[in-house]
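# Understanding the architecture of this molecule
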Amino acid sequence: MKLKYAFSNGHGQKHFLAGLDKLGVRNDPPAVAAAKYHYMSNYLIGNVPMEYVRETDRKAWIRYLAPAWAFPGTGIIAVPASVGLAALQGWIRYNGTWLGCPRLGFVCTKFQEYGDPYCEGYFIEYDENISLEQALRFQPVSTSPEFDKDAAPKLDPVQWPEARLLRARRRYAESYAAAPAQVLVEAYGLPYASFLVTQAMLGLGTQYAREIADRMGVSERNASAIASIFLKVLNSLGDDAELARNGDEHRITRSTFSPFRGIYADEMYDAFFALFTGILRVLTARVKLVRSVEKKDGQRTELWCLTDSDRRMF
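Below is a summary of the structure that appears in this document. (Residues numbered from 1 in each chain as written. Predicted model: local features only at pLDDT ≥ 70, side-chain atom pairs only at ≥ 80, totals over all residues. Heavy atoms only, no water.)

Moving on: a nonpolar patch on the surface. Residues Tyr188, Tyr192 and Phe195 make up a contiguous nonpolar surface patch of about 330 Å² in total accessible area. Looking at the secondary structure, you find Tyr188 in helix 5 (residues 162–188). (Patch = residues over 30% accessible without salt bridge, like charges linked within 9 Å, V, L, I, M, F, W, Y side chains within 5 Å. Areas by Shrake-Rupley, 256 points an atom, 1.4 Å probe, with all protein chains shown as cover. Salt bridge = Lys/Arg side-chain N within 4 Å of Asp/Glu carboxyl O. Helix = DSSP H or I, 4+ residues; strand = E, 2+ residues; numbered from the N terminus.)

The next point concerns the layout of surface pockets. Taken as a whole, the largest pocket encloses approximately 2,200 Å³ of empty space. Around the largest pocket sit 49 residues that line it, and Ala173, Tyr176, Ala177, Met201 and Leu204 are the ones nearest its centre. Within the residue set of the lining of the largest pocket, elements represented by two or more residues are helix 1 (2–23), helix 5, helix 6 (190–215), helix 7 (223–236) and helix 8 (266–283). Broken down by element, the residue count for the lining of the largest pocket peaks at 11 residues, all from helix 5. Along the lines of polarity and charge, the residues of the lining of the largest pocket split into 37 nonpolar, 4 polar and 8 charged. Approximately 1,400 Å³ is the volume attributed to the second largest pocket. For the lining of the second largest pocket, the element with the highest residue contribution is helix 5, accounting for 14 residues. Grouping the amino acids of the lining of the second largest pocket by side-chain chemistry returns 21 nonpolar, 15 polar and 13 charged. (1 Å grid on protein atoms, 1.4 Å probe; cavity = no way out; pocket = protein on both sides within 12 Å on 5 of 7 lines; lining within 4 Å. Points joined across faces, edges and corners; volume = space filled by probe spheres on them. Nonpolar A, V, L, I, M, F, W, Y, C, P; charged D, E, K, R; others polar.)

On to helix 1. Given a rise of 1.5 Å per residue, 22 residues ought to cover 32 Å, and the 30 Å separating the end C-alpha atoms of helix 1 matches this to within 8%. At His15, helix 1 shows its largest kink, close to 40°. All of the buried residues along helix 1 are Phe7, Ser8, Asn9, His11, Gly12, Phe16, Gly19, Leu20 and Leu23. Against helix 2 (30–45), helix 3 (81–90), helix 4 (95–99) and helix 5 lie the buried residues of helix 1. At the exit of helix 1 stands Gly24, carrying a positive phi of roughly 75°. (Expected span 1.5 Å × (residues − 1). Bend = angle between axes of the 7 residues up to and from the residue. Buried < 20%, exposed > 50% of the residue type's maximum accessible area, 1.4 Å probe, protein only. Contact = heavy atoms within 4.5 Å.)

Our next topic: the packing of helix 2 against helix 5. It is at 10 Å that the axes of helix 2 and helix 5 come closest, and there the two elements cross at 105°. On the basis of the axis angle, helix 2 is roughly perpendicular to helix 5. The segment helix 2 lies against helix 5, with Ser41, Asn42, Leu44 and Ile45 engaging Leu165, Ala168, Arg169, Tyr172 and Tyr176. Taken together, the residues of the contact of helix 2 with helix 5 sort by class into 6 nonpolar, 2 polar and 1 charged. (Axes fitted to C-alpha atoms, helices over the stretch in contact; angles between N-to-C directions. Parallel < 35°, antiparallel > 145°, perpendicular 65-115°, else oblique.)

We now examine the pattern of salt bridges. Using the criterion set out here, one finds 17 salt bridges in the structure. Between Arg58 and Asp127 there is a salt bridge, and its shortest N-O distance comes to 3.2 Å. Of this pair, Arg58 sits in the loop between strand 1 (50–56) and strand 2 (59–65) while Asp127 sits in the loop between strand 4 (118–125) and strand 5 (136–138), and the two are 69 residues apart along the sequence. Taking the relative accessible area as the measure of exposure, Arg58 reaches 34% and is therefore partly exposed. A salt bridge links Arg103 to Glu125, with the nearest nitrogen and oxygen atoms 2.7 Å apart.

Here it is, written out as structure tokens:
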């Protein structure tokens, strides 16, 4: 809950007002602008299933639909309601503050973690100023307005050509990896934070290794095949990476590092690399992976060498 609150609040402070401008909704009424921001940034850019309904200039609804995008499969069942509530408390509650509109609040009407079919609520501009505590209320309703896709906000195709949209979607995904990692560092210090990220990346690599290989269309399990999978993953992240062969070695040279944009501690680069360690160990025990790092003039480059082994590596 602490992590979710800190991430949501920090993410909102960094992106909310700038996002209103990028989406072209800054001059809309406060309730409408806030609702549009969440719908357009999360659904139209982030592909998070959502709905939006403008009831009046002072009241606008948003719905986060099932399945919960951040928790695939049955994962949502293991997530306590306090995690979702922390996002509302750390982000949604502050929208009026960030907009400079002390009359703006949010009323949560349905909550998936409580057994409702989706998470839903509306932004409302009251007649009088409200306190921060009053800016988030819970008031269940039996019915709510119908979503009309034709009337919902859309991105301006001139301002948002495909290339810009693809970049924005990649940045959107990156932010949900880099920012929480930074929050962990601030909350627990680098050693424990990097340990937690390492465990998470190992878990992801282990859980999704076979699915990733299938999606990449790679069925073999030798060094050449694993290197091909790694390169395709890096390319999908938008990283600069090249694959070359030198004798029995398959070498990947990586010079950019999603989700990082800037200088991070080596321990955090190591932690995110654990994703690839997890993938490798699930797919084969007969490929050796050696990673080396070079730093020159502020530029980081990594070399990953993969070779076939005549014995099991673990």
